[in-house]
Amino acid sequence: MRLPSIRFFFTWLLLLPLVVQAAKPVIDLAGVWRFRMDPADRGIQDRWYTQKLPETIKLPGSMAENRKGNNITLQTQWTASIYDSSWYFNPRMAKYREPEHLKFPFWLTPAKEYVGPAWYQKEVRIPADWANKRIVLSLERPHTETRVWVDEVEIGWQNSMAVAHEYVLTDKLTPGSHTITIRIDNRIKEINVGKDSHSLTDHTQGNWNGIAGRLALRADDKIWIEDLQVYPNLVRKSVRIIMLLGNATPKVQGGAVTVTATSFNASPVHAVKPMVANVVLKAGETRLELEYPMGEDVQTWDEFRPALYRLTAELSSKELRHEKQVQFGMREFKAKGTRFEVNGRPVFLRGTVNNCEFPLTGYPAMDVPAWERIFKIAKTHGLNHMRFHSWCPPEAAFIAADKQGFYLQPEGPSWANHGTSLGDGKPIDKFIYDETNRMAKAYGNYASFCMLASGNEPAGRNQANYLGKFVTYWKAKDKRRVYTGASVGMNWPLVPENEFMVKSGPRGLPWDRQPQSTWDYRDRISLFPVPYVAHEMGQWCAYPNFKEIRKYTGVYRARNFELFREDLQDRGMGDQADDFLMASGKLQALSYKTEIETALRTPGMAGFQLLGLNDFPGQGTAQVGVLDAFWDEKGYISARQFSRFCNTTVPLARMSKFVYRNNEVFKADLEIAHFGPELLVNARISWTITDSQRKVLAKGAFDPKTLPIGNGLPVGSISLPLENIEEADKLKLEVTIDKTAFANDWDFWVYPANLPELPGTDVYVTTTLDTTARRILNEGGKVFLEMAGKVEEGKEVAQHFAPVFWNTSWFKMRPPHTLGILCNPKHPAFFDFPTDYHSDLQWWELVNRAQVMLLEGFPAGFRPLVQPIDTWFLNRRLGLVLEAKVGKGKLMVSSADLTSDLENRPVARQLRYSLLQYMRSDKFNPKAVVELAVIEDLFRSRSKETVQTYTKDSPDELKPKN
């Protein structure tokens, strides 16, 4: 509920928790409160509300911010699931279990931890002229259950994770001094939303105790506007207004309601003609419904022009008055077929999932500028949508999203799983209805509040029936937004009543076969007649950025990052941390580009929700964002680069492959996905192909055409014979829409169809360390050992071309285990093999499902030529191609397949050629000395270190299917 616009502030005297106020309508209660923890839950029995509490604390804030609570220990009982408990048992992790060096890998570590009741107390002085007022105590974002006393009288209790708790104290706060005591309990009790719900879990914001937002006493006249909801009607250019009016006087009141509305963030300013309606207020509650014409000059709200209005309703009688103001936008958000429409125009949702990651405070930002920053950053990355996974943000987020033109999907604060369920008659069934009703009342007028779900991935045998009734209830009650039962993965049952679906069918990378860009998700959505939004698309990881550690200056410390950094140092690779970040980040960015473009190519798809644009600090530490948990860039892709393939308008190319021989013809079919504010009239599409030296090899343009709103808009085909490309090279196709900022590009690779025959060589090529190989090495010769498929030491490491999904801890070492490769493109071994320092699409042929070598016995400081990057939970030193001095000889080893079917594998053939050319030259002079026995271990010894997660439970995706 918005506070009246008339306010004043006060000065604390000697930090005493006593507020002395003049006669004003609001008493701000921020500041110092008395405090006491109640771990034994004896406060009610011992009547603490009658006693002066012994400690002090500052509100708004949390116990952890005030350094109240328990120290973190091995025995800390976390509010979260742990599916990999190996940290508690692994000998290598023993030093991180020492009290003075305690570092958990699962999530960020708070300064303090406390789950239970805590008591807060303040004295207030009520002015004399509040004697005939209606007095309300408002507590914004307490966590979670509050119970209130005035002096020695209990007022009641409330439990909401989404809206302010408000208590009417009219009869209890007479003029003079009083004591307000609040008991806040953050335990999961009868109402169990699920310990992994982002509304309370230690995976993200943490299960904190306190009050994060505004806390105040408000004095109103005894007639007031309890609720004011605005329902836009664009066809009629009007709004339907429904008010609930209260009357706490002993008699019927005659009066009037005056309604005014003015736009405030668009030009020109639109002042709507006022409207007056007479009312008769009976004792208690009166419902008033009005239709308010907005006029011919009405301004609409959307992502491109988010025009907003402030509507003020003034209720007055002969002697009494109350005013309420709300913010709203004239917009309609509807499902039409398989698309969403905003004000009748199709929209494609390009979203990210917000998991309540606020590492400085541990609770969500309560101010508008902080949320505006988040939405602005998301917009610069081409997004227009945000889903709030199993939580509802505070009012500041809706205000900011309204201003920025962002479409929001808040959810009931529940991941009703992992210990709870929906539809089985538990208290949570009613709580979800109550909580979403509170959300609609508090935030329903905000134009950005476009979608609603009950929460995330519930359990329960009767969940589908429950969720269907939930959707039916809301469709009938409030048509300002669209509804789905829950945001879910593919294992969850369908809910036929859904107005739209958030489900994980249309996502994933097509890299189980040779990379191409002709594929899309149409077969995965074709059976569904409603808008289908891809659930939690992405989840592709990069290596942690250890420079981020210094940013954790608030309630949380990145002890997980510190552990991973120390472990990498212990493994002898601490100096490679930044290289691992950048190389893995490039593959992560390529993964997101590939998946997003696939979605944009899919006919009829409604959108996607990334997981995520920024990192997720919990669930084992999920480094899935191109931004960190602070919404800052990591250095390997900028917002400008990201928005080339994720935007309102994106050029797309359908290519059957990305690797060619120079006796082939490059071909691409171009199309456009366009979801801008209007048609693109006379759009001219241009293209260029350049080589690695940026020399233009070909270019062209298509006749101008008008592009409607939609995707799959054909542009035309291009082709280029590659016969003039004589040496292996990386080429780039760039497509632009002239006189706009919209452009996109793709790299592709061309290799000679015929390579020169290598003359007689002194390199012995073998697939085993046979007698000849040993002799040649002993005599100072050169050996090329190709051991694809024969690795024993490291065979348990699953390498795919795609990077780690989410993280290997949460998913119990589900493959893949690696994060791409790192190499030095300037090394002479790659002279005839053009490459960057990181994985790119040409490496698919070499890397995907290829064995890696675990370099356990290799000397400290040894670096392979091609180094797969291991999951940060294990930090194993891995190799794909390496060179070494063995005895008197020189050895090259590859676990990538550089032998089979080379006529149809031009990348493998080219790398083999480049390596052999290098070995023939005088530049082949390895510096690292490795014992022959160490090389032999790669063939014959299993890895010394094994992985055991210990925990029997597993995430839902890994559970057996019924």
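Residues numbered from 1 in each chain as written. Predicted model: local features only at pLDDT ≥ 70, side-chain atom pairs only at ≥ 80, totals over all residues. Heavy atoms only, no water.

As recorded by an unreviewed UniProt entry, the protein chain carries the name beta-galactosidase and is attributed to Nibrella saemangeumensis. Looking at the protein chain in UniProt, the text filed under Catalytic activity (unreviewed entry) is "Hydrolysis of terminal non-reducing beta-D-galactose residues in beta-D-galactosides." Turning to the protein chain, the UniProt record has this under Sequence similarities (unreviewed entry): "Belongs to the glycosyl hydrolase 2 family." (UniProt positions renumbered as here; feature names shortened; annotations may be inferred.)

Colleague: How do you make sense of the side chain of serine 197 when you look at a structure like this?
Modeller: Note on placement: serine 197 falls in the loop between strand E13 (176–185) and strand E14 (210–211). With residues near it in sequence (within four places) discarded, serine 197 still touches Ser390, Pro413, Ser414 and Trp415. (Helix = DSSP H or I, 4+ residues; strand = E, 2+ residues; numbered from the N terminus. Contact = heavy atoms within 4.5 Å.)

Colleague: What's the story with the environment of lysine 888 in this structure? I'm lost.
Modeller: Position of lysine 888 relative to the elements: it lies in the loop between strand E51 (881–886) and strand E52 (889–894). Between the C-alpha atom of lysine 888 and that of glutamate 303, which follows or precedes it by 585 residues, the distance is 68 Å. Excluding anything up to four places from it in sequence, lysine 888 contacts Leu777, Asn778 and Gly780.

Colleague: Help me understand the pattern of salt bridges, please; the structure alone is not making it clear to me.
Modeller: Charged atoms that come close allow side chains of opposite charge to pair. Considering all chains together, one arrives at 73 salt bridges under this definition. The shortest N-O distance in the salt bridge between glutamate 734 and arginine 644 comes to 2.7 Å. Note that glutamate 734 is positioned in strand E43 (residues 729–737) and arginine 644 in helix H8 (residues 639–645), a separation of 90 residues in sequence. Given the relative accessible area of 27%, glutamate 734 is considered partly exposed. Its salt-bridge partner being aspartate 747, residue lysine 732 comes within 2.8 Å of it at the nearest N-O pair. Of the two residues, lysine 732 sits in strand E43 while aspartate 747 sits in strand E44 (residues 743–751), which places them 15 residues apart along the sequence. Judged by its relative accessible area of 18%, aspartate 747 is buried. (Salt bridge = Lys/Arg side-chain N within 4 Å of Asp/Glu carboxyl O. Buried < 20%, exposed > 50% of the residue type's maximum accessible area, 1.4 Å probe, protein only.)

Colleague: I'm lost on the sheet that holds strand E40 (residues 696–701) in this one. Help?
Modeller: Two modes of strand pairing occur in sheets, parallel and antiparallel, and in both the strands are linked by backbone hydrogen bonds. If you trace the five strands from one edge of the open sheet to the other, you get E36-E44-E43-E39-E40, paired in mixed fashion. The two strands at the open ends of the sheet, each matched to only one other strand, are strand E36 (659–661) and E40. Direction aside, neighbouring strands of the sheet carry axes that sit 20° apart on average. Sheet topology note: the strand E39 (residues 685–690)/E40 ladder contains five bridges and is antiparallel. Pairing of isoleucine 689 across the sheet is with alanine 698, part of E40. (Pairing = 2+ DSSP bridges. Axes fitted to C-alpha atoms, helices over the stretch in contact; angles between N-to-C directions.)

Colleague: Looking at this structure, I do not really get the nonpolar core. What am I missing?
Modeller: Here is a general trend for soluble globular proteins: nonpolar side chains tend to be buried in one another's company. Counting 197 residues, the largest nonpolar core has Trp371, Phe608, Phe642, Phe666, Leu733 and Trp843 as its most contacted members. Of all the elements, helix H7 (residues 577–601) adds the most residues to this core, at eleven residues. (Core = buried A, V, L, I, M, F, W, Y, C linked by side-chain atoms within 4.5 Å.)

Colleague: Even after reading the chapter, I still don't get the packing of aromatic side chains, so can you show me in this structure?
Modeller: For any pair of aromatic rings, the description rests on two quantities: the centre-to-centre distance and the angle between the ring planes. In total, this model carries 55 aromatic pairs according to the counting rule given. Each ring, one from tyrosine 433 and one from phenylalanine 470, has its centre 5.7 Å from the other, and the planes form 75°; the classification is edge-to-face. Note that tyrosine 433 is positioned in helix H3 (residues 427–443) and phenylalanine 470 in helix H4 (residues 463–477), a separation of 37 residues in sequence. With a centroid separation of 4.8 Å and 70° between ring planes, the pair formed by tryptophan 511 and phenylalanine 801 is classed as edge-to-face. On the criterion of sequence distance, the pair formed by tryptophan 511 in the loop between strand E31 (501–503) and helix H5 (522–525) and phenylalanine 801 in the loop between strand E46 (782–786) and strand E47 (818–823) is long-range, its members being 290 residues apart. The pair formed by tryptophan 511 and phenylalanine 801 is uniform in burial state, with each residue classed as buried. Taken together, the aromatic side chains of Trp78, Trp87, Tyr88, Phe104, Phe106 and Trp107 make up a single cluster linked through ring pairs. The residue whose ring lies beneath arginine 36 is tryptophan 48, and the NZ or CZ to ring-centre distance is 3.8 Å. (Phe/Tyr/Trp six-rings, centres within 6.5 Å; stacked < 30°, edge-to-face > 60°. Lys NZ or Arg CZ within 6 Å of the ring centre and 35° of its normal.)

Colleague: How should I be thinking about the packing of helix H1 (residues 368–380) against helix H2 (residues 395–404) in this particular structure?
Modeller: Between two packed helices, what matters for the description is the angle formed by their axes and the separation of those axes. Contact geometry of H1 with H2 gives a least axis separation of 8 Å together with a crossing angle of 45°. If you check the angle between H1 and H2, you find them oblique. With respect to the hand of their crossing, H1 and H2 are arranged in right-handed fashion. When H1 is examined against H2, the residues Val368, Trp371, Glu372, Phe375, Lys376 and Lys379 are found in contact with a partner set consisting of Ala396, Ala397, Ile399, Ala400, Ala401, Lys403 and Gln404. Counted by class, the contact of H1 with H2 contains eight nonpolar, one polar and four charged residues. (Parallel < 35°, antiparallel > 145°, perpendicular 65-115°, else oblique. Left-handed = near helix turned anticlockwise from the far one by under 90°. Nonpolar A, V, L, I, M, F, W, Y, C, P; charged D, E, K, R; others polar.)

Colleague: Help me out: how do you make sense of the side chain of aspartate 628 in this one?
Modeller: Tracing the chain through its elements places aspartate 628 in the loop between strand E34 (607–611) and H8. With relative accessibility at 1%, the residue aspartate 628 sits in the buried group. At 2.6 Å, the side chain of aspartate 628 and the side chain of lysine 551 are in polar contact. In contact with aspartate 628, not counting residues within four places along its chain, are Glu548, Lys551, Asn614, Asp615 and Lys634. (Polar contact = N/O pair within 3.5 Å; in protein donor to acceptor, adjacent residues only side chain to side chain.)

Colleague: For this particular structure, what's the right way to read H7?
Modeller: Since the α-helix advances by 3.6 residues per turn, residues separated by three or four positions end up pointing in the same direction. Its 25 residues give H7 an end-to-end C-alpha distance of 36 Å, which sits within 8% of 36 Å, the value for a rise of 1.5 Å per residue. Within H7, 21 of the 25 residues are buried, which leaves the element mostly enclosed by the surrounding structure. (Expected span 1.5 Å × (residues − 1).)

Colleague: For this particular structure, what's the right way to read the environment of phenylalanine 675?
Modeller: Position of phenylalanine 675 relative to the elements: it lies in the loop between strand E37 (665–674) and strand E38 (680–683). Residues phenylalanine 675 and threonine 649, spaced 26 residues apart in sequence, show a C-alpha to C-alpha distance of 6.0 Å.

Colleague: Even after reading the chapter, I still don't get H1, so can you show me in this structure?
Modeller: In this model H1 runs 18 Å from its N-terminal to its C-terminal C-alpha over 13 residues, within 8% of the 18 Å that 1.5 Å per residue would give. Among the structural elements, strand E26 (349–354), strand E27 (385–388), H2 and strand E28 (407–409) are those in contact with the buried residues of H1. One side-chain oxygen of the residue at the start of H1 lies 3.1 Å from the amide nitrogen of alanine 370, identifying that residue as aspartate 367. One or two residues past the end of H1 sits glycine 382, with phi positive at roughly 90°.

Colleague: How should I be thinking about the UniProt feature "domain: Glycosyl hydrolases family 2 sugar binding" (unreviewed entry) in the protein chain in this particular structure?
Modeller: As annotated by UniProt and renumbered to match this structure, "domain: Glycosyl hydrolases family 2 sugar binding" (unreviewed entry) occupies residues 28–211. Here residues 28–211 runs as 0% helix and 35% strand, with 14 Å between its end C-alpha atoms.

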